[in-house]
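Results of the structural survey
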Amino acid sequence: FILFVIVNMASNSPSSNDNTSFKVAIIGGTGAVGIEVANCLHNLSFPLKNPPSLYASARSKGKAIATKYGDLIVQEYNLEKVKKQQYHVIFLAVSGSFALENARAL
């Protein structure tokens, strides 16, 4: 199960007239689905400002996850912290109930 949320597109969207790229986060970034989302973004040459930010539980904080972008360091998921980052797209590669609850809040 994967759910994605598009946020801040009206006020913060990349313009087709410039070289701006998207700011992307993956919540559940340590799991097989989250890692595959990161690798798919890379394979599709999705226009990113930086490699996607990975978020997971406190026990995974600081862990290096191997992706096609290289090793990405996992950050601890915190709803308010993620909201402050003003991501354009957020992938929720987590259980259905957690994804639905957090998607509404994001």
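Cut-offs used in this document
- Residues numbered from 1 in each chain as written.
- Predicted model: local features only at pLDDT ≥ 70, side-chain atom pairs only at ≥ 80, totals over all residues.
- Heavy atoms only, no water.
- Core = buried A, V, L, I, M, F, W, Y, C linked by side-chain atoms within 4.5 Å.
- Buried < 20%, exposed > 50% of the residue type's maximum accessible area, 1.4 Å probe, protein only.
- Helix = DSSP H or I, 4+ residues; strand = E, 2+ residues; numbered from the N terminus.
- Contact = heavy atoms within 4.5 Å.
- Phe/Tyr/Trp six-rings, centres within 6.5 Å; stacked < 30°, edge-to-face > 60°.
- Salt bridge = Lys/Arg side-chain N within 4 Å of Asp/Glu carboxyl O.

Membership of the largest hydrophobic core comes to 14 residues, with the highest contact counts inside it found for V24, I26, V37, L41, L54, V74 and F91. Of the residues forming this core, the biggest block, three residues, is contributed by helix α2 (residues 32–43). Non-local contacts of V24, meaning those with residues more than four positions away in its chain, are made with L41, F46, L48, P52, S53, Y87, V89 and F91. In terms of nonpolar packing, the next biggest core, distinct from the first, is built from twelve residues, A25, I27, V82 and V94 among them.

What follows concerns the packing of aromatic side chains. Considering all chains together, one arrives at three aromatic pairs under this definition. Here Y55 and Y87 contribute two aromatic rings whose centre-to-centre distance is 6.2 Å and whose plane-to-plane angle is 85 degrees, an arrangement assigned as edge-to-face. Placement of Y55 in strand β3 (residues 53–56) and of Y87 in the loop between α3 (79–84) and β6 (89–92) is noted, with a sequence separation of 32 residues between them. Here Y55 falls in the buried class, since its relative accessible area comes to 0%.

Taken as a whole and assessed by the stated rule, the structure comprises one salt bridge. Put simply, K83 and E80 hold a salt bridge, and the shortest N to O gap is 3.9 Å. With K83 and E80 both in helix α3, this residue pair falls three residues apart, about one helical turn. The exposure class assigned to K83 is partly exposed, which follows from its relative accessible area of 36%. Overall, the relative accessible area of 43% leaves E80 in the partly exposed class.

Keep in mind these numbers describe shape, not what the thing actually does.
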